[in-house]
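Each chain, written out:
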Amino acid sequence: MGVALTRAAQWTTASSGIGKLEITPVNESLLKEILEFVEQFSSRHPQEAKHVFKEPLQWTTSLEASDFKTEYDISGPAVKSQETDRDGHPMLQLTPPSISVHSFSQLSKIVQLATDKKLKEVRACLEANRDPVAKMLGPSFATVEGEDSSVLRLLEKVKEGDQAKETEIKVKLLILLQQLDTQLLSNSLKQISQDVRLSPATVKNDVELLKSFCSEGEKRVLTSVQYTSDYEFTNGCRTPPWRQVHGEICYLVIKPCDTQPLHITCSTAGVFLNGGIRQEGEENTYDRTSEVYKDLATLLKSTSPHFAENINKQDFAVQEEPPTLKVQHVELVDAEEQGQPQRSYEHHEKNVHEKARQQLVQNKPGGKKKLEPSLKWKNLGLASPYEYVIIPLSTCQQSHIIKRCKTPGGVGGVDDFSESSSESEEDEEQPERRTESNTDLPSEYWQIQKLVKYLKGGNQTATVIALCSMRDFNLAQETCQLAIRDVGGLEVLINLLDTEEIKCKIGSLKILKEISRNSQIRRAIADLGGLQTMVKILDSPDKDLKYLAAETIANVAKFRRARRTVRQHGGIKRLVELLDCVPDSAALTEEQEKDVEVARCGALALWSCSKSTRNKEAIRKAGGIPLLARLLKSPHENMLIPVVGTLQECASERSYRIAIQTEGMIEDLVKNLNCDNHELQMHCASAIFKCAEDKRTRDLVRQCEGLQPLVTLLSQADNKQLLAATTGAIWKCSISMENVAKFQDYKALETLVGLLTDQPEEVLVNVVGALGEGAQKPANRATIRKCGGIQPLVNLLTGTNQALLVNVTKAVGACATELENMTIIDRLDGVRLLWSLLKNPNPDVQASAAWAICPCIENAKDSGEMVRSFVGGLELIVNLLKSTNKEVLASVCAAIAKIAKDEENLAVITDHGVVPMLAKLTNTTDDKLRRHLAEAIARCCMWGSNRVLFGEAGAVSPLVRYLKSKDSSVHQATAQALFQLSKDPNNCITMHDNGVVKLLLGMMGSTDEVLQEAAAGCVANIRRLALANEKARYG
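Residues numbered from 1 in each chain as written. Predicted model: local features only at pLDDT ≥ 70, side-chain atom pairs only at ≥ 80, totals over all residues. Heavy atoms only, no water.

- With an unreviewed UniProt entry as reference, the protein is termed Armadillo repeat-containing protein 4, source organism Salvelinus namaycush.

Written out as structure tokens, the structure is:
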């Protein structure tokens, strides 16, 4: 952490000498990663979390005493933790506004208490403790430049036996902190490497361009653009030398038409607003006051609505159009911004060698750029409503602003091609930026440049030879991939696909297949219309062309826009057709092997495309399901992996899950669980995981003897992806109690308990989910206890993963139904942790926690006193009756029914207004909520005048209607509630008026003794009131 803060974090250069963390994307990313590390530290490393720091971490906090609920002693504004070190000193002390923390366990609790102020607290802590490692472990561990021998010194202490246990913990803690440092530095490096660096020449050209926008009249976009200094150094900068060392190029004052003048700093890292520099020497005004923008145009669009609105409306291309240079839809693209040099083509040329034109790359400040046509529009077959005009480069060189003139005939727009898509869950890949330089490039780069020249200008034989020579390079190496792109080779390779020469097409596809594994190359291929051409090749009679085109599509279709393009140009149907050509035998002729390869590559492409919801539907409509089912019986593993991968991807749709059942695919998935290929096993387990939501699938897995292979796969604990898929399948299969019995025989629970520690969250969610389902059986609850599973389950209650919290609360609640388990949970303070989860904003977590609390109250020793010991606990649970989520309401009502068994607690919740809140819920039609609401009302009637209050609040009439429900459990709870309410005369009258007697008479003959007794008691009370009334009237 110390190294990352020293080298990667960006600090202000405040004159006071106390630097602050700047508000930059790099710092935000660092803070979020450190926050995540601290939040999860206690649950992942409980022993190290208790280690007492050498010196406390101290900072100015925004937390107050009211933010600390339990486990802390509060005295006015001051707070002390109940947890202490060996000498009895508290591990946390708050004396507003200063806070002092001595361990990671307290740091974890602070960020949980801070809720929406977490990042603010982390920032304040790091700003006040620039080298936190030194304070945690001692001055000898301070961050230093050069070789760090602190670990070696610790290991020497371990060897000497001097406080070996404590030293071992310090070693582990130091290693964890160093791992965090490495991760932070790596991620920061990735983010910084993507930043665009501005040069003085770029800034100067942008300024000159902006000055041309400062015209008079309606078309004016800016009022003025001025430098603060007229002196220009030989390097092009206009800032003082002592500011140039910070990368600053010049200072500007720009006056927009609609805002105050903007004081802007242009630096190599980007442009930003400053404190208002008017003349050199005012040091306090150099500080940044806004975020960093990539260029002036972006900053102005962000700060001036008038500039943003009018910049694209104005006709700035006022130069005359040379008639011979007019081309349709030509874009001026800045090389640095797009991460690639410029290329030029004339779209009307047909022959591939005539199409390829030598690219002009700008490497010098005075060089020139050419305009490039956007081939994607031509290949999409769309007529552009705009004609882009070549403008003299002296006007727009190095500018980030695109200029265009609208042609009179334009009626549509490029947006005509856009569509509403259900693929919003998938994020578009972001283009990577890299700086281009002629220095330090390997020799392969220049050799590939020469080969591309031969491709552009040679005849057919020379082209084939050049393609073969290009394949001799290591095309998996990024330098070679980007070299092909940078010198215009991609366009030539894609254009070769339009020729009639089979050898050229095959050679081109073999190269595209290899280099398309690079994300930047994928995007470039899609932008140049390569996907449309490859989709057409799928109709070719040549099998080599088919499988190469399909495999290249599989590589390119890794992002949403590419998948959409494949679908819109008929690619899905063609890819499905490729599947219909595979023999089932293991011994194949050479021709049959090609058929297998064609189908395999078709399945690979469908796998990539199936990450889109619309494509899943398109595959189904094209008849892909029966073909995939047939391929699933193939003996070839390399065929099975993409087939199962496609099926597990599509299994998120119900139509596919039903088809997987009906087409008999479960048996094949189970069979492949026994193979030796871990990737295939992982995809099969993942498919079962998704399909086992349905009971029929769970039964089929059991009938096909698929449960034992799943348990066997739990031994592959090192393969986390396989482990996550396997535990997920076991979890969903455990929803059926018949499967739980089988898992019991296979000793699955013992293995699952062993996976509760040191596993990633995606595995833990599934493991805990499986244990929660298994714990529905008493024998399994005992097994979990005997294997030591209760403590790790309780420890997981302090996590932040919402899905994990839902599952772990269910598991703890199921275990709490046994008295021995409950004793352990109570000793570990598990009930308090469950209660604190009622404050979680996620309603699923709230509901699951409330359900878990019910058996805890039922089985805890002196549960009434335990519940009262939670400060504000009863008020919290009563307030949850205001929720709009029915599951939360049902679970809270069930908990209130348990709480109300204690008379003192019932009095407290009555004071908190539980009666009117329960009465307000009685008009519900949800049977689950009705049942638990009736139970809560029955219990709450037993205090004071609550029966009368329920009647006055209008709760009686809706309760009578509950007796018409088809759920017998609702009848029992309702009859008990009505029996309690009938002890008030006015309630009896209301019940009688609503026809309760007839309904209860039928239930008096029920085989359910509790229902029978409650119904009879209610009718008896009504009858007594009637007799008393007659006696009073007639004597």
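**Here we look at helix α23 (residues 530–537)**
In step 1: Taken across its eight residues, α23 has seven buried, putting it largely inside the fold.
In step 2: Turning to α23, its buried residues are Gly-530, Leu-531, Gln-532, Thr-533, Met-534, Val-535 and Ile-537. (Buried < 20%, exposed > 50% of the residue type's maximum accessible area, 1.4 Å probe, protein only. Helix = DSSP H or I, 4+ residues; strand = E, 2+ residues; numbered from the N terminus.)

**Concerning the side chain of Thr-646**
In step 1: With respect to the helices and strands, the residue Thr-646 is situated in helix α30 (residues 637–650).
In step 2: Taking the relative accessible area as the measure of exposure, Thr-646 reaches 0% and is therefore buried.
In step 3: Residues in contact with Thr-646, not counting those within four places in the same chain, are Ala-603, Leu-606, Trp-607, Ser-610 and Leu-628. (Contact = heavy atoms within 4.5 Å.)

**A short note on the nonpolar core**
In step 1: Residues Leu-793, Trp-835, Leu-918 and Phe-950 are the most contacted members of the largest nonpolar core, which totals 218 residues.
In step 2: Sorting elements by how many residues they give to this core places helix α27 (residues 590–609) first, with 10 residues.
In step 3: Setting aside anything within four residues of it in sequence, one finds Trp-835 in contact with Ile-853, Ile-857, Val-867, Phe-870, Gly-873, Leu-876, Ile-877 and Ile-899.
In step 4: In terms of nonpolar packing, the next biggest core, distinct from the first, is built from 43 residues, Leu-21, Leu-57, Val-79 and Leu-177 among them. (Core = buried A, V, L, I, M, F, W, Y, C linked by side-chain atoms within 4.5 Å.)

**Observations concerning the sheet that holds strand β6 (residues 222–227)**
Working definition: the strands of a sheet are paired by backbone hydrogen bonds and lie parallel or antiparallel to each other.
In step 1: A sheet is described by the order of its strands in space; here four strands give the open sequence β6-β7-β8-β9, paired in antiparallel fashion. Single-partner strands in this sheet number two, and they are β6 and β9 (270–273). For this sheet the average axis-to-axis angle between neighbouring strands, irrespective of direction, equals 25°.
In step 2: Against the sheet, helix α11 (residues 296–303) touches β6, β7 (248–256), β8 (262–267) and β9, its axis set at about 150° to β8. (Pairing = 2+ DSSP bridges. Axes fitted to C-alpha atoms, helices over the stretch in contact; angles between N-to-C directions.)

**What to know about the packing of helix α24 (residues 543–556) against α27**
In step 1: At a minimum axis separation of 8 Å, α24 and α27 run at an interaxial angle of 20°. Taken together, the axes of α24 and α27 are roughly parallel relative to one another. The chirality of how α24 crosses α27 is left-handed. Judged by residue contacts, Lys-543, Asp-544, Lys-546, Tyr-547, Ala-550, Glu-551, Ile-553 and Ala-554 of α24 engage Glu-591, Lys-594, Asp-595, Glu-597, Val-598, Arg-600, Cys-601, Gly-602, Leu-604, Ala-605 and Ser-608 from α27.
In step 2: For the contact of α24 with α27, the per-class residue count stands at eight nonpolar, two polar and nine charged. (Parallel < 35°, antiparallel > 145°, perpendicular 65-115°, else oblique. Left-handed = near helix turned anticlockwise from the far one by under 90°. Nonpolar A, V, L, I, M, F, W, Y, C, P; charged D, E, K, R; others polar.)

**Focus: the sheet that holds strand β4 (residues 92–95)**
In step 1: Taking strand neighbours across the sheet as the criterion, the five strands line up as β1-β5-β4-β3-β2 in an open arrangement whose pairing is antiparallel. Each having just a single partner strand, β1 (57–60) and β2 (72–75) make up the two edges of the open sheet. Across the sheet, the mean angle separating the axes of adjacent strands is 10° when strand polarity is ignored.
In step 2: In this structure, strand β3 (residues 78–81) lies alongside β4, joined through two bridges in antiparallel fashion. Paired with Lys-80 across the strands is Gln-93, a residue of β4.
In step 3: Running at roughly 140° to strand β5 (residues 98–101), helix α4 (residues 104–113) makes contact with β1, β2, β3, β4 and β5 of the sheet.

**Let's talk about the pattern of salt bridges**
In step 1: As enumerated under the stated definition, the model contains 38 salt bridges in all.
In step 2: Among the salt bridges present, the one from Arg-657 reaches Asp-694, with a minimum N-O distance of 3.4 Å. Separated by 37 residues along the polypeptide, Arg-657 in helix α31 (residues 654–662) and Asp-694 in the loop between α33 (678–691) and α34 (695–703) bring together distant segments of the chain. Asp-694 carries the same exposure label as Arg-657, and that label is buried.
In step 3: By sharing partners, the salt bridges in this structure join Glu-865, Arg-868, Asp-902 and Glu-904 into a single network. (Salt bridge = Lys/Arg side-chain N within 4 Å of Asp/Glu carboxyl O.)

**Brief notes about the UniProt feature "repeat: ARM" (unreviewed entry) in the protein**
In step 1: Look at the UniProt record and you will see "repeat: ARM" (unreviewed entry) annotated at residues 529–571, 623–665, 872–914 and 954–987.
In step 2: From the first C-alpha to the last, residues 954–987 spans 10 Å; its make-up is 71% helix and 0% strand. (UniProt positions renumbered as here; feature names shortened; annotations may be inferred.)

**A word on the confidence of the model for the protein**
In step 1: Mean pLDDT over the protein: 81, with 81% of residues reaching 70 or higher.
In step 2: Summarising per-element confidence for the protein, the mean pLDDT is lowest in helix α16 (residues 393–396) (31) and highest in helix α48 (residues 886–899) (95).
In step 3: Segment residues 433–439 is flagged for pLDDT under 50; beyond a separation of four residues in sequence, or across chains, it makes 17 contacts in the model. (pLDDT = per-residue confidence, 0-100.)

**So, helix α22 (residues 519–527)**
In step 1: Across the nine residues of α22, eight count as buried, placing the element largely inside the fold.
In step 2: Burial in α22 covers these residues: Ser-519, Gln-520, Ile-521, Arg-522, Arg-523, Ala-524, Ile-525 and Ala-526.
In step 3: Two to three positions downstream of the cap, the backbone nitrogen of Gln-520 sits 2.8 Å from a side-chain oxygen, assigning the N-cap of α22 to Asn-518.
In step 4: At the C-terminal side of α22, Gly-529 shows a positive phi close to 80°. (Polar contact = N/O pair within 3.5 Å; in protein donor to acceptor, adjacent residues only side chain to side chain.)

**Details of unusual backbone geometry**
In step 1: Look at the link from Pro-96 to Pro-97: it is a cis peptide, with omega at 5°.
In step 2: The topology assignment puts Pro-97 in the loop between β4 and β5.
In step 3: A positive phi angle is found at Glu-71, which is not glycine, with a value near 65°.
In step 4: Topologically, Glu-71 is positioned in the loop between β1 and β2.

**As for the packing of aromatic side chains**
In step 1: Counting across every chain of the model gives nine aromatic pairs.
In step 2: Summarising the aromatic geometry, the rings of Phe-68 and Tyr-72 are spaced 5.0 Å apart at their centres and angled 70° between planes, so their arrangement reads as edge-to-face. One exposure class covers both Phe-68 and Tyr-72, and it is buried.
In step 3: On the numbers, 5.0 Å between centres and 90° between planes, the contact of Tyr-231 with Phe-233 is edge-to-face.
In step 4: The class of Tyr-231 is exposed, set by a relative accessible area of 54%.
In step 5: With relative accessibility at 27%, the residue Phe-233 sits in the partly exposed group.
In step 6: Ring-pair connections join several aromatic residues into one group, and the members of that group are Phe-37, Phe-41, Phe-53 and Phe-104.
In step 7: Geometry around Phe-272 places Arg-288 over its ring, the cationic atom sitting 6.0 Å from the centre. (Phe/Tyr/Trp six-rings, centres within 6.5 Å; stacked < 30°, edge-to-face > 60°. Lys NZ or Arg CZ within 6 Å of the ring centre and 35° of its normal.)

**Notes on the pairing of β5**
In step 1: In the sheet, β1 pairs with β5 via four bridges, with the strands oriented antiparallel. Bridge assignment links Trp-59 to a residue of β5, and that residue is Ile-99.
In step 2: The pairing of β4 with β5 spans four bridges and is antiparallel. Bridge pairing links Gln-93 to Ser-100 in β5.
In step 3: Between β4 and β5, which pair antiparallel one after the other, the connecting turn spans two residues.

**Some remarks on the environment of Glu-121**
In step 1: Within the secondary structure, Glu-121 is located in helix α5 (residues 118–128).
In step 2: Residues Glu-121 and Ile-110 lie 11 residues apart in sequence; the distance between their C-alpha atoms is 8.5 Å.
In step 3: Among residues more than four places away in sequence, those in contact with Glu-121 are Trp-59, Thr-61, Ser-62, Leu-63 and Ala-114.
In step 4: One polar contact links Glu-121 to Trp-59, side chain to side chain, over a distance of 3.0 Å.
In step 5: Reaching out from Glu-121, the side chain makes a polar contact with the side chain of Thr-61 at a distance of 2.8 Å.

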